[in-house]
Amino acid sequence: MNATEPLPSVDADAASQPFFDAAREGRLVVQRCTACQTLQLGNVICDHCFARQFEWIAASGRATVHSFVVMHLSYHRSFEAPYCGAIAELEEGPRLPVYLADQVRPRIGQKVTLRFAASEAGTAVPVAYQV
Amino acid sequence: MAGHAAITGLGMVGLTRDTPGPADNLACQAVLAAMADAGLDHADVDGLIVCRSGAASESDLGLALQRTLALRDLSLLQVLHGEGTSVVQAVQTAAMAVHHGAARQVAVVFADAPMQAGRPASKSFGRIKSSRGIGGLRYAAGLFGGASVHALAARRHMEVFGTREEHFGAVAIHTRRWAMMNPQAVLRDALTMEEYLAARWIAEPLRLYDCAMPVNGAIAVIVGDATRAATDAHEPVYILGFGQGHPGTPERRGFEPELHSGAAHARDIAFDMAGLAVRDVDLCQIYDAFSYMTLLTLEEYGFCRPGEGGAFIASGATGPGGSLPVNTGGGHLSGFYLQGMTPLAEGVIQARGQAGERQCARHDVVLVTNEGGRFDHHACVLLSPHRDAQARRNSP
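Residues numbered from 1 in each chain as written. Chains lettered and ligands numbered in written order. Predicted model: local features only at pLDDT ≥ 70, side-chain atom pairs only at ≥ 80, totals over all residues. Heavy atoms only, no water.

**Remarks on the interface of chain B and chain A**
- Tallying the contact residues gives 34 residues for chain B and 47 residues for chain A.
- Contact between chain B and chain A buries roughly 3,300 Å² in total, counting both sides, with carbon and sulfur atoms accounting for 60%.
- The largest contributions to the chain B side of the interface with chain A come from Ile-134, Arg-252 and Arg-253 of chain B, which together make up 20% of the buried area.
- Put simply, chain B and chain A have 3 salt bridges between them.
- Between Glu-89 of chain A and Arg-253 of chain B there is a salt bridge whose closest N-O contact spans 2.7 Å.
- Taken together, the connections running from chain B to chain A amount to 19 residue pairs in polar contact (both at pLDDT 80 or more).
- Those elements giving two or more residues to the side of chain B that touches chain A turn out to be α5 (133-140), α6 (145-161) and β5 (201-204) of chain B.
- Element by element, the count of residues in the side of chain B that touches chain A is highest for α5 of chain B, at 7 residues.
- Among the residues making up the side of chain B that touches chain A, the classes are represented as 15 nonpolar, 8 polar and 11 charged.
- Inspection of the sheet shows strand β4 (residues 62-71) of chain A paired to β5 of chain B by 2 bridges, in the antiparallel sense. Bridge pairing in β5 of chain B places Val-70 of chain A opposite Glu-204 of chain B. (Contact = heavy atoms within 4.5 Å. Buried area = accessible area lost by both parts, 1.4 Å probe. Salt bridge = Lys/Arg side-chain N within 4 Å of Asp/Glu carboxyl O. Polar contact = N/O pair within 3.5 Å; in protein donor to acceptor, adjacent residues only side chain to side chain. Helix = DSSP H or I, 4+ residues; strand = E, 2+ residues; numbered from the N terminus. Nonpolar A, V, L, I, M, F, W, Y, C, P; charged D, E, K, R; others polar. Pairing = 2+ DSSP bridges.)

**Quick look at the nonpolar core**
- Ranked by size, the top nonpolar core spans 102 residues in total, and within it Leu-96 and Leu-114 of chain A carry the most contacts.
- Every residue in contact with Leu-96 of chain A, bar those within four places of it in the chain, is listed here: Phe-19, Leu-28, Leu-41, Ala-86, Ile-87, Ala-88, Leu-90, Leu-114 and Pro-126 of chain A together with Ile-134 and Leu-137 of chain B.
- Grouped together as the second largest cluster of nonpolar side chains are 45 residues, Val-87, Val-88, Val-106 and Val-348 of chain B included. (Core = buried A, V, L, I, M, F, W, Y, C linked by side-chain atoms within 4.5 Å. Buried < 20%, exposed > 50% of the residue type's maximum accessible area, 1.4 Å probe, protein only.)

**Topic: the packing of aromatic side chains**
Residues and elements named next belong to chain B.
- Applying the stated criterion to the full structure yields 10 aromatic pairs over all chains.
- Taken together, a centroid distance of 5.3 Å and an interplanar angle of 50° make the contact between Tyr-139 and Phe-144 tilted.
- Overall, Phe-144 belongs to the buried group, its relative accessible area being 4%.
- Between the aromatic rings of Tyr-287 and Tyr-337, the centroid separation amounts to 6.4 Å while the plane-to-plane angle is 85°, which identifies the pairing as edge-to-face. One end of the pair, Tyr-287, is in the loop between β9 (283-285) and α10 (291-301); the other, Tyr-337, is in the loop between α12 (331-335) and α13 (341-352), and 50 residues separate them in sequence. Both residues of the pair, Tyr-287 and Tyr-337, belong to the buried class. (Phe/Tyr/Trp six-rings, centres within 6.5 Å; stacked < 30°, edge-to-face > 60°.)

**With respect to the pattern of salt bridges**
- Per the stated rule, a full pass over the model turns up 20 salt bridges over all chains.
- As a salt-bridge pair, Glu-91 of chain A and Arg-62 of chain A come within 2.9 Å of each other at their nearest N and O atoms. Placement of Glu-91 of chain A in the loop between β5 (83-90) and β6 (95-100) and of Arg-62 of chain A in strand β4 is noted, with a sequence separation of 29 residues between them.
- Note that Glu-58 of chain B and Arg-52 of chain B form a salt bridge whose closest N and O atoms lie 2.7 Å from each other.
- In this structure Glu-58 of chain B comes out as partly exposed when scored by relative accessible area, which is 38%.
- In this structure, a network of salt bridges that share partners links the residues Glu-89 and Arg-95 of chain A together with Arg-253 of chain B.

**Topic: the sheet that holds strand β8 (residues 237-245) of chain B**
All names here are of chain B.
- Read across the open sheet, the 9 strands follow the order β3-β2-β4-β7-β1-β8-β11-β10-β9; overall the sheet is mixed. Two strands lie at the open edges of the sheet, namely β3 (76-79) and β9, each paired on one side alone. Here the average twist between neighbouring strands, direction ignored, is 25°.
- The sheet contact formed by strand β2 (residues 47-52) and strand β4 (residues 105-112) spans 6 bridges and is parallel. For Arg-52, the partnering residue across the bridge sits in β4 and is Ala-111.
- In the packing of helix α3 (residues 86-100) onto the sheet, contacts are made with β1 (5-16), β2, β3, β4, β7 (216-225), β8, β10 (366-372) and β11 (377-384), and the angle to β8 comes to roughly 120°. (Axes fitted to C-alpha atoms, helices over the stretch in contact; angles between N-to-C directions.)

**Brief notes about the environment of Glu-235 of chain B**
- When you line up the elements, Glu-235 of chain B lands in the loop between β7 and β8.
- As a C-alpha pair, Glu-235 of chain B and Tyr-196 of chain B span 39 residues in sequence and 39 Å in three-dimensional space.

**As for the environment of Gly-335 of chain B**
Residue and element names in this part refer to chain B.
- You can see Gly-335 is positioned in helix α12.
- The exposure class assigned to Gly-335 is buried, which follows from its relative accessible area of 0%.
- Each C-alpha atom, one on Gly-335 and one on Thr-175, is 8.7 Å from the other, the two residues being 160 residues apart in sequence.
- When near neighbours in sequence (up to four residues on either side) are disregarded, Gly-335 contacts Gln-184, Ala-185, Val-186, Gly-329 and Gly-330.

**Topic: the pairing of β7 of chain B**
Residue and element names in this part refer to chain B.
- With 10 of its 10 residues buried, β7 lies for the most part within the structure.
- Pairing of β1 with β7 involves 10 bridges; the strand directions are antiparallel. Each residue of the ladder has a partner; that of Ala-5, found in β7, is Asp-225.
- Across 8 bridges, β4 lies against β7 in antiparallel orientation. When the sheet's bridge partners are listed, Ala-107 is paired in β7 with Ile-222.

**Observations concerning α13 of chain B**
Residues and elements named next belong to chain B.
- Over its 12 residues, α13 runs 16 Å from end to end, which matches the ideal 16 Å to within 8%, given 1.5 Å per residue.
- Within α13, 12 of the 12 residues are buried, which leaves the element mostly enclosed by the surrounding structure.
- Taken together, the buried positions of α13 are occupied by Met-341, Thr-342, Pro-343, Leu-344, Ala-345, Glu-346, Gly-347, Val-348, Ile-349, Gln-350, Ala-351 and Arg-352.
- Count one or two residues on from α13 and you reach Gly-353, which has phi positive near 80°. (Expected span 1.5 Å × (residues − 1).)

This is a description of form; function is not addressed.
Below you can see the structure in the form of structure tokens.
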């Protein structure tokens, strides 16, 4: 990754505002439904019990690679092909798309750790690193 | 009076990389061609459903197509947005209108002109859909274009079921065998496994021939009351049943959205409506923007067991001479990519018995699928040259 280039812009929406607020402070958080305790991300309605109240709890930053793709076209100046985009499954359960900053070809199930980097919108976004 | 909804006309325009746009001009030509094919005059068409690419706007192609076509006093007019399922959803909507007598002859059209001189296709297909929220994080992860997310899905199938790159190659190779017999297909040279594996990577595990062939063009069909068919040139193609499935699968541990589309949900609705079983299907036109879609869709309909799609296709079962012809025009992969119209048009041609060298001898029941998002949207329709395919199957 070119460390001086911010990543593509991502803005918060209503469901994810607390996520991006915490991200700006370098904290990774997930939503917990107050009714059924299911951990999730990006929802206004619980996708398990359909309740509408959440609390936001700290996530460890530890994750595993659920799937990955090695990209061979560079759509944005942050990314120089070949590079790896992945779906990371947080230790807590929810999954997130992440750029693998220091690896091109991981294995599924491999452990990674998430840290934050800046996006062009000024928001902070999670990036994955080998453990 | 409500009648039996059928596809009574088909118009196809362009279908090459060099066809000049813009999309609304191509759409107009396709609707006029479909009307002529159906033997209809302007006054006969009282419905229009417009489908466009997600990259196009209302000003590119939308409700204004009515005026472009000089259609008056329409009883049904809408733009239908369903990502890759737009076309089959539109056919469903038109069929329901015709069934209830809310309209009599409805034109459904899709047009696109993504190929512009000097501009690589990736510029049209790598655009950002929405960079808000958790879903928007995909762009910060470098996951641009449909190939990226379908590659992620294909990789999961490889991990969970042991599917190999050669299985995706088999999809490409057997689809190409059909394209070789289709004069309208873009890619018509034989494809070997060596050539498939040697082609450049797009998004691993997807290579060049795992991805659709973009073109400029337009296709329109007329959905009408078959009892009022106005031409002897061909028989109506009856719409026996249709369904949709939109899974909304959560993205968290315990779920496998990469291995699960809306196909099974749509299948149950469509086959129940038609009074048919999956074993009654003679041939399939499967939305195949990426080779993995063909494989997963065959599994999800139950033509083979989960995880066995690769072996099923590698056996040759879906190619010329096989037990279940799939994508007999070359699909998106070797034919041409016009979203949901690609499989629908070939389904109509096969049902009519007008596919020439690639005509399948058995074509009583044709399954047509459409797919949208990353397995977020599925729609299907069952077509037949016979009004009552079930009775025909049961007769000795």
